[in-house]
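Chain by chain, the residues run as shown.
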Amino acid sequence: MYECGVFQSLREKLRCKEIWVRGAEKWRNPDDDLPKDYEARRAENYAKLRKPLDPKQFIDELRDELDHELGQLNAALGHQRLPWLKISERKTGAVQLSPLDALPEPVNLRRLKAAIRSRWGVVPLMDMFAETCLRTGCLQTLSPAGVQGHLDPQQLFERLLLVIYAYGTGTGIRAAAAGDHDHNEDDLRYVRRRYLSVEGCREIARTIANATFAARHTALWGEGTTAVASDSTHFSAYDQNIFTEWHSRYRRAKRGVLIYWTVETSGAMAVHSQLISCSASEVHAMVEGAMRHGTDMEIEANYVDSHGASFVGFGITRLLDFDLVARFKQINRMKLYVPGRGDDFSYPLLGPALTRPIRWDIIANNYDLMMKYATAIRLGTASTEALLRRFTSETTHPAYAAMLEVGRAQRSIFLARYLRGRDLQRETESGLNVVENYNGVNDYIRFGKRGELASNRKEEQELGMLCLHILQSCLGYINTLMIQDTLALPEWQDVLTDAA
């Protein structure tokens, strides 16, 4: 037991880099995570993040924006233009926000579904997968682990289909080899060892996502979306390893892991997926998904639930120049930070929901250090998870303290907009519904072994996640083509409207 305790303590210290390994890459000295040429290229780094070199200018912009949003909310309450909002002294919290009314179902949705079903029937998942691979050429991104590959291209194509299907559905290679085809279990395991890797599967998923974006008709889908929604879902997994953990939100579930999805909101296409432990910060997963997705999409806004909407999350996203749009579980207890003291920053109707002023001096004194860490995250020289673990274990770190103050200001700005704007509330719910519906498809696709990630090896678990990601992306790609082909028929001309 003592040895287990030592190893668990060592693991935690390594994760937050209180201990590091000389000569290592992932577990190196945290000072080596920061870009070496940062000072020499300071102006370029600031320009990439669209931030001014002068901390006073940054603070003035942030303070003016906070003052404006609080003033707008105070004025709207004064003119009684917000019947859904009350702010008053209450034991359960000062903010009282009425829930949104349900929207009616689009009038032509059922008709469109029936037309697609009548035209194509129920298309098997394997057929969708094969058609996607033929149209996009996504499997051509895979290369053998060795220097030579002597397999016939058609045989390799079929075996890769079977292996990815086996991993994505959770049925396993042995079950896939028992099907009606000419490939045995040894053939499939050979292809798995030689061709299938975590990075290779990520590239397949990126290729399908980019092909989907390119195939969409602007008249139907609009201009390219810049918003994604992020959320995690729990998967049971083998527990004879130090990665699998219990999760407080899934008390009845077995020990497992979380898969964190980043899904674009226009057509529910996943642009990134991550396998994280149940104790990992969802803020780091959100940032990694937005910064490392690798697709052609330009992300400007990210919808998250309460778990990704911490102060440091709002602070990091402000520094990285994309918007964090959050749904708060306990919005009644939320507090609004004020720009300063005195009559110039007085919002009498918001009084019960107000708290202390932002400490602008902390931001000013550590502005360049914050930007240095933000640049490290942007360039990928530092892991967002390692930085956040280090900050949370060392809460007096000056960069962390400054990010928290930026986050307090940014969250107050967003919260003031959110309380004032019914359209923003509905837009937030709509964005998060996309990723929650995406999570709901997991059980239909991953039907093998009761949906469990049946391995103790992290690489095998990641492959299972990525192959599931690939199969769901194929559904999105083929459904996009089916919808467009159906709506191109003469009987559908001028049928759809903005309300349908």
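Treat the numbers as computed from the prediction; the structure is a model and nothing was measured.

### As for the pairing of strand E7 (residues 323–326)
- Pairing geometry for strand E6 (residues 301–304) and E7, over 4 bridges, is parallel. Looking at E7, one finds that Val304 is bridged to Ala326.
- After leaving E6, the chain enters helix H12 (residues 311–320) and then returns to the sheet as E7, a path that is right-handed.

### Some words on helix H8 (residues 185–195)
- Every buried residue belonging to H8 is among Asp187, Leu188, Val191, Arg192 and Tyr195, and all of these are buried. The arc that holds the buried residues of H8, viewed along the axis, is 135°, so those residues lie on one side. Looking at H8, the residues exposed on the side facing more than 90 degrees away from the buried face are Asp186 and Arg193.
- Buried residues along H8 sit against helix H6 (153–169), helix H7 (173–177) and helix H19 (458–487).
- The N-cap of H8, judged by a side-chain oxygen 3.1 Å from the amide nitrogen of Asp186 a few residues on, is Asn184.

### Some details on the pattern of salt bridges
- Applying the stated criterion to the full structure yields 30 salt bridges.
- Linking Asp305 and Arg327 is a salt bridge whose minimum nitrogen-to-oxygen distance equals 2.8 Å. Linking Asp305 in the loop between E6 and H12 with Arg327 in the loop between E7 and strand E8 (336–338), this pair joins segments that are 22 residues apart in sequence.
- Ionic pairing is found between Arg457 and Glu459, a salt bridge with its closest N-O pair at 3.1 Å.
- The class for Arg457 is partly exposed, based on a relative accessible area of 48%.
- Salt bridges linked by common partners bring Glu65, Glu69, Arg318, Arg417 and Arg420 together as one network.

### Notes on the packing of helix H11 (residues 282–291) against H12
- It is the contact of H11 with H12, at a shortest axis distance of 10 Å, that shows an interaxial angle of 20°. By the angle class used here, H11 and H12 are roughly parallel. Crossing geometry of H11 relative to H12 is assigned as right-handed. The segment H11 lies against H12, with Val283, Met286, Val287 and Met291 engaging Val312, Gly313, Ile316, Thr317 and Leu320.

### A word on the side chain of Thr136
- Looking at where Thr136 falls in the secondary structure, it is placed in helix H5 (residues 125–136).
- Assessed through its relative accessible area of 18%, Thr136 is described here as buried.
- Within the structure, the side chain of Thr136 is placed 3.3 Å from the backbone nitrogen of Cys138, a separation counted as a polar contact.
- Once residues lying within four places of it in the same chain are set aside, the contact partners of Thr136 are Thr207, Ile208, Ala211 and Tyr477.

### Overview of H19
- The end-to-end C-alpha distance of H19 is 43 Å, a good match for the 44 Å that 30 residues give at a rise of 1.5 Å each.
- Within H19, 24 of the 30 residues are buried, leaving the element largely enclosed by the surrounding structure.

### What to know about the environment of Ile470
- Mapped onto the elements, Ile470 comes out in helix H19.
- Distance in space between the C-alpha atoms of Ile470 and Asp180 is 23 Å, their sequence separation being 290 residues.
- Residues contacting Ile470, with those up to four places away along its chain left out, are Phe129, Ile164, Cys201, Ile204, Ala205 and Ile208.

### Details of the packing of aromatic side chains
- Evaluated as defined, the whole model comprises 8 aromatic pairs.
- Residues Phe314 and Phe414 carry aromatic rings whose centres are separated by 5.9 Å and whose planes lie at 35° to one another, so their mutual orientation is tilted. Of the two residues, Phe314 sits in helix H12 while Phe414 sits in helix H16 (residues 398–420), which places them 100 residues apart along the sequence.
- In this structure Phe314 comes out as buried when scored by relative accessible area, which is 0%.
- Chaining the aromatic ring pairs together yields one cluster made of Phe314, Phe328, Phe414 and Tyr418.
- The ring of Trp492 has Arg111 lying over it, and the distance from NZ or CZ to the ring centre is 4.5 Å.
- Sitting over the ring of Trp221, Arg216 keeps its end group 5.4 Å from the ring centre.

Conventions and cut-offs
Along each chain, the written sequence defines residue order, and numbers are assigned to residues from 1. Only residues with pLDDT of 70 or above have their local features reported here, since the model is predicted, and side-chain atom pairs are shown and tallied only from 80 upward, although totals for entire chains, interfaces and linings are computed over all residues. To get the side-chain values, take all heavy atoms of the structure and skip hydrogens and water. Strands qualify as paired when DSSP identifies two bridges or more between them. Only runs of H or I of at least four residues qualify as helices and only runs of E of at least two qualify as strands under DSSP, and these elements are numbered from the N terminus. Whether a crossover is right-handed comes down to one check: with the strands pointing away from the viewer, does the path from the first strand over the helix to the second run clockwise; if it does, it is right-handed. Each residue's exposure class comes from its accessible area (1.4 Å probe, protein chains only) as a fraction of the maximum for that residue type: buried when under 20%, exposed when over 50%, partly exposed otherwise. Working definition: the arc comes from the directions between the helix axis and the C-beta atoms, pointing outward to the latter. The criterion used for residue contact is that any of the two residues' heavy atoms lie within 4.5 Å. Residues adjacent in sequence count toward polar contacts only when both atoms are side-chain atoms; beyond that, a polar contact is any pair of N or O atoms within 3.5 Å, and within protein one must be able to donate a hydrogen and the other to accept it. Salt bridge, as used here, is a side-chain nitrogen of Lys or Arg placed within 4 Å of a carboxyl oxygen of Asp or Glu. As a rule, the C-alpha atoms of each element are fitted with a line to give its axis, helices using only the stretch in contact, and angles between N-to-C directions run from 0 to 180 degrees. Note on terminology: angles under 35 degrees are roughly parallel, angles over 145 are roughly antiparallel, angles of 65 to 115 are roughly perpendicular, and the others are oblique. By convention the crossing between two helices is left-handed if the near helix lies anticlockwise of the far one by an angle smaller than a right angle, and right-handed if it lies clockwise. Expected helix span is computed as 1.5 Å times (number of residues minus one). Under the pairing criterion, centres of Phe, Tyr and Trp rings, with the six-membered ring standing for Trp, must be within 6.5 Å; the plane angle then separates stacked pairs below 30 degrees from edge-to-face pairs above 60, leaving the rest tilted. Two conditions define a charge located above a ring, namely a distance within 6 Å from the ring centre to NZ of Lys or CZ of Arg, and an angle within 35 degrees of the ring normal.

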